[in-house]
Amino acid sequence: MADKTLFSKIIDREIPANIVYEDELCLAFHDINPQAPVHVLLIPKRPIVKLSEAASGDQPLLGYLMLKAGEVAKKLGLKSFRIVSNDGADAGQTVFHLHFHILGGRPLSWPPG
Ligand code: AMP
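Keep in mind that this is a model prediction, so the values were computed, not measured.

## Re the overall build of the chain
Moving on, step 1. Scanning the chain from terminus to terminus reveals two helices and five strands.
Moving on, step 2. Secondary structure elements in the chain, listed N-terminal to C-terminal, are α-β-β-β-α-β-β.
Moving on, step 3. For the chain, the spread of C-alpha atoms along the principal axes amounts to about 40 × 30 × 25 Å.
Moving on, step 4. When each of the 113 residues of the chain is scored for burial, the buried share is 37%.
Moving on, step 5. Contacts spanning at least 24 positions in sequence make up 52% of the contacts within the chain whose residues lie at least 6 apart.
Moving on, step 6. When the accessible surface of the chain is split by element, carbon and sulfur atoms take 57% of a total near 6,800 Å².
Moving on, step 7. When the 12 positive and 12 negative side-chain charges of the chain are each reduced to one mean point, those points stand 8 Å apart.

## Structural notes on the site of the ligand
Moving on, step 1. Neighbouring the ligand are 16 residues; Asp31, Asn86, Gly92, Thr94 and His101 lie closest to it.
Moving on, step 2. Contact distances for the ligand include 2.7 Å between an oxygen atom and a backbone N or O atom of Thr94.
Moving on, step 3. One of the backbone nitrogen or oxygen atoms of Val95 is found 3.0 Å away from an oxygen atom of the ligand.
Moving on, step 4. If you list the elements that add at least two residues to the shell around the ligand, you get helix 1 (6–11) and strand 2 (26–30).
Moving on, step 5. When residues in the shell around the ligand are grouped by element, the largest group, three residues, is from helix 1.
Moving on, step 6. Broken down by class, the residue content of the shell around the ligand amounts to seven nonpolar, eight polar and one charged.

## Thoughts on the side chain of Ser8
Moving on, step 1. When you line up the elements, Ser8 lands in helix 1.
Moving on, step 2. Once residues within four sequence positions are removed from consideration, Ser8 is found in contact with Pro47 and His97.

## Observations regarding the pairing of strand 2
Moving on, step 1. Of all five residues in strand 2, four are buried; the element is thus mostly enclosed.
Moving on, step 2. What sits between the antiparallel neighbours strand 1 (residues 19–22) and strand 2 is a turn of three residues.
Moving on, step 3. Relative to strand 3 (residues 38–44), strand 2 runs antiparallel, the two sharing five bridges. In the sheet register, Cys26 faces strand 3, and the bridge partner there is Pro44.

Rules used in this analysis
- Residues numbered from 1 in each chain as written.
- Predicted model: local features only at pLDDT ≥ 70, side-chain atom pairs only at ≥ 80, totals over all residues.
- Heavy atoms only, no water.
- Helix = DSSP H or I, 4+ residues; strand = E, 2+ residues; numbered from the N terminus.
- Buried < 20%, exposed > 50% of the residue type's maximum accessible area, 1.4 Å probe, protein only.
- Contact = heavy atoms within 4.5 Å.
- Areas by Shrake-Rupley, 256 points an atom, 1.4 Å probe, with all protein chains shown as cover.
- Lys, Arg positive; Asp, Glu negative; His and termini not counted.
- Charge placed at Lys NZ, Arg CZ, Asp CG, Glu CD.
- Near = heavy atom within 4 Å.
- Polar contact = N/O pair within 3.5 Å; in protein donor to acceptor, adjacent residues only side chain to side chain.
- Nonpolar A, V, L, I, M, F, W, Y, C, P; charged D, E, K, R; others polar.
- Pairing = 2+ DSSP bridges.

Such coordinate-based values are descriptive only and should not be taken to indicate function.
Below, the structure is given as structure tokens:
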């Protein structure tokens with residue numbers, strides 16, 4: 001079995017995190033290196049490596065995560081926000097456990113860097 005990712009260790013409480021939401025399928029916690037006044041990571045508890053490695057059976061989970069992203073953003077008081085998922089090292093992915101960045105609390109420019 002592959003080594004546990006950092007995020008699986010957070011799910012299992014082996015590494016501390018500032019958790020803002022949790023249920024049986026997902027966990028949301030503040031990013032340790034925030035890029036905006038609000039920067040939260042939303043992850044599935046099931047360890048999918050990245051979006052492009054999700055399988056058709058993951059469809060309900062992915063839809064669930066999108067709904068939760070909106071709910072968590074609202075809970076954090078965000079009126080506008082951005083969802084980002086870096087897929088692969090060249091896109092900036094550093095933790096290979098699917099996650100969605102929820103960013104807000106300041107104007108966000110476009111295109112992103
Ligand atoms: P990515 O670069 O898209 O894979 O995103 C990984 C994110 O995890 C980065 O924004 C990191 O700042 C964040 N991160 C790394 N370690 C931790 C940690 N222990 N707790 C919370 N966030 C973390």
